[in-house]
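Examination of the molecular architecture
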Amino acid sequence: MSGHSKWHNIQGRKNAQDAKRGKIFQKLAHDLYVAAKAGGADPEMNASLRLVVDKAKAANMPKDNIQRALDKASGAGGAKFEEVTYEGYGTAGVAVLVEASTDNINRTVSSVRNSFKHFGGSLGTSGSVAFQFDRKGYLVIDRSENPDLDEDTILEAALEAGAEDVQTSDEAFEIYTEPSDFQTVEAALTEAGYQFADAEVSMIAQNPMAISDEDREKLDSLVDELEENEDVLAVYTTAED
């Protein structure tokens, strides 16, 4: 893994998003969907899902929102949702990946395409930007909330749990796994008493690129609009904050 700190780069957007309850619920809905897809929609039989459900309840996420995310993953109620990834370019040539789950492909692709157009971007073809990302399990331990933890302790615990890599910065310990090992590593470290500021299977940009403040504003607006789409699960970019 490169020395680039994903956690450092997402803090600005995360702080802005956390000020908006809808953004918190969107992130939780994504995590619920992913956990249910990976290990089943029954929290009693899926430890990772149970953790996300507990987070959702702690954030006062409405029960209907929680159930809707689980139904999407399980296909309950006869709804047939298809997972699809859209690839495109934002301002300054930044690569953008959009993961969605939809029961109407035409509606979703039209909406996503329009969002790109609104902010000077363009929707690309399949495979046009995906090669610039790696899918990894990603867990973060915030050092400000765990001042007594040291790098050697975290490294040993993470590697014993099956993690692939640990990156240390002043702000956090960032733990990376293969996607297939994510739930196992998360469960093992949780059982060992570690708490995470973030835990997800994510797309990690291989070579994050610096952009101007003006381009950042346009890109953030594009990402915000995409994330407000009910069909969208997650948005990833190659921009560096």
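Heads up: the structure comes first, above all this text.
Residues numbered from 1 in each chain as written. Predicted model: local features only at pLDDT ≥ 70, side-chain atom pairs only at ≥ 80, totals over all residues. Heavy atoms only, no water.

What to know about the environment of Leu 149
Where we set the bar: Secondary structure elements follow DSSP: runs of H or I of four or more residues count as helices, runs of E of two or more count as strands, with numbering from the N terminus. Two residues form a contact once any of their heavy atoms are found within 4.5 Å.
Position of Leu 149 among the secondary structure elements: in the loop between strand E4 (133-142) and helix H6 (151-161). Aside from chain neighbours lying at most four places away, what touches Leu 149 is Ile 141, Arg 143, Ile 154, Phe 173 and Tyr 194.

Thoughts on the packing of aromatic side chains
Just so we agree on the cut-off: What counts as a ring pair is set by centres within 6.5 Å for rings of Phe, Tyr and Trp (its six-membered ring), and what kind of pair is set by the plane angle: stacked under 30 degrees, edge-to-face over 60, tilted for all other angles. Burial classes: relative accessible area under 20% of the type maximum marks a residue as buried, over 50% as exposed, and values in between as partly exposed (1.4 Å probe, protein chains only).
Applying the stated criterion to the full structure yields 1 aromatic pair. Relative to Tyr 176, the ring of Tyr 138 has its centre 5.3 Å away and its plane inclined at 50 degrees; by these criteria the two rings are tilted. Of the two residues, Tyr 138 sits in strand E4 while Tyr 176 sits in strand E6 (residues 172-177), which places them 38 residues apart along the sequence. In this pair, the class of Tyr 138 matches that of Tyr 176, namely buried.

Here we look at a negative patch on the surface
Put simply, the rule reads: Put simply, a patch holds well-exposed residues, over 30% relative accessible area, that have no salt bridge, with like charges counted together within 9 Å and Val, Leu, Ile, Met, Phe, Trp or Tyr side chains within 5 Å. Each accessible area is a Shrake-Rupley result for a 1.4 Å probe, and residues are judged covered by the shown protein chains and nothing else. For this document, the term salt bridge refers to a Lys or Arg side-chain nitrogen within 4 Å of an Asp or Glu carboxyl oxygen. Under this rule, positive means Lys or Arg and negative means Asp or Glu; His and the chain ends count for nothing. Here the site of a charge means NZ on Lys, CZ on Arg, CG on Asp, or CD on Glu.
Together, Asp 150, Glu 151, Asp 152, Glu 156 and Glu 160 line one region of the surface with negative charge. Within the secondary structure layout, Asp 150 lies in the loop between E4 and H6. Taking relative accessible area as the criterion, Asp 150 reaches 35% and is therefore assigned partly exposed.

Points about the pattern of salt bridges
If you walk through the whole model with that rule in mind, you get 7 salt bridges. Two residues, Arg 135 and Glu 99, come together in a salt bridge whose shortest N-O distance is 2.4 Å. Separated by 36 residues along the polypeptide, Arg 135 in strand E4 and Glu 99 in strand E2 (residues 95-102) bring together distant segments of the chain. Take Glu 99: its relative accessible area is 11%, and that puts it in the buried class. Taking the shortest distance from any N to any O, the salt bridge between Arg 107 and Asp 231 comes out at 3.0 Å. Highlighted residues: Arg 107 in helix H5 (residues 105-118) and Asp 231 in the loop between helix H8 (213-227) and strand E9 (232-237), separated in sequence by 124 residues. Look at Arg 107 and you get partly exposed, because its relative accessible area is 38%. Here Asp 231 falls in the buried class, since its relative accessible area comes to 8%. What emerges from the salt-bridge pattern is a single network uniting Asp 103, Arg 107 and Asp 231.

Thoughts on helix H3 (residues 47-58)
Keep this limit in mind: Expected helix span is given by 1.5 Å per residue-to-residue step, counting one fewer step than there are residues. Each direction from the helix axis to a C-beta atom contributes to the arc, which is the arc of those directions. Throughout this description, a polar contact denotes any pair of N or O atoms lying within 3.5 Å of each other; where both atoms belong to protein, one of them has to be capable of donating a hydrogen while the other can accept it, and for residues adjacent in sequence the pair is counted only when both atoms sit in side chains.
The end-to-end C-alpha distance of H3, which contains 12 residues, comes to 17 Å, matching closely the 16 Å that a straight helix rising 1.5 Å per residue would cover. Three or more residues of H3 are buried, namely Ser 48, Leu 49, Val 52, Val 53 and Ala 56. Relative to the axis of H3, the buried residues are bounded by an arc of 135 degrees and lie together on one face. Set apart from the buried face of H3 by more than 90 degrees, the exposed residues are Lys 57 and Ala 58. Of the residues that open H3, the one with a side-chain oxygen 3.1 Å from the backbone nitrogen of Leu 49 is Asn 46. Residue Asn 60 follows H3 closely and has a positive phi angle near 60 degrees.

Considering the nonpolar core
Stated formally: Only buried residues count toward a nonpolar core. Its members are Ala, Val, Leu, Ile, Met, Phe, Trp, Tyr and Cys residues joined through side-chain atoms within 4.5 Å.
In terms of nonpolar packing, the biggest core is built from 18 residues, with Leu 139, Ile 141, Ile 154, Ile 175, Leu 189, Tyr 194 and Phe 196 touching the most fellow members. Only E4, H6, E6, helix H7 (182-191) and strand E7 (198-205) provide two or more residues apiece to this core. Among the nonpolar cores identified, the runner-up in size contains 17 residues, and Tyr 86, Val 109, Leu 219 and Val 232 belong to it.

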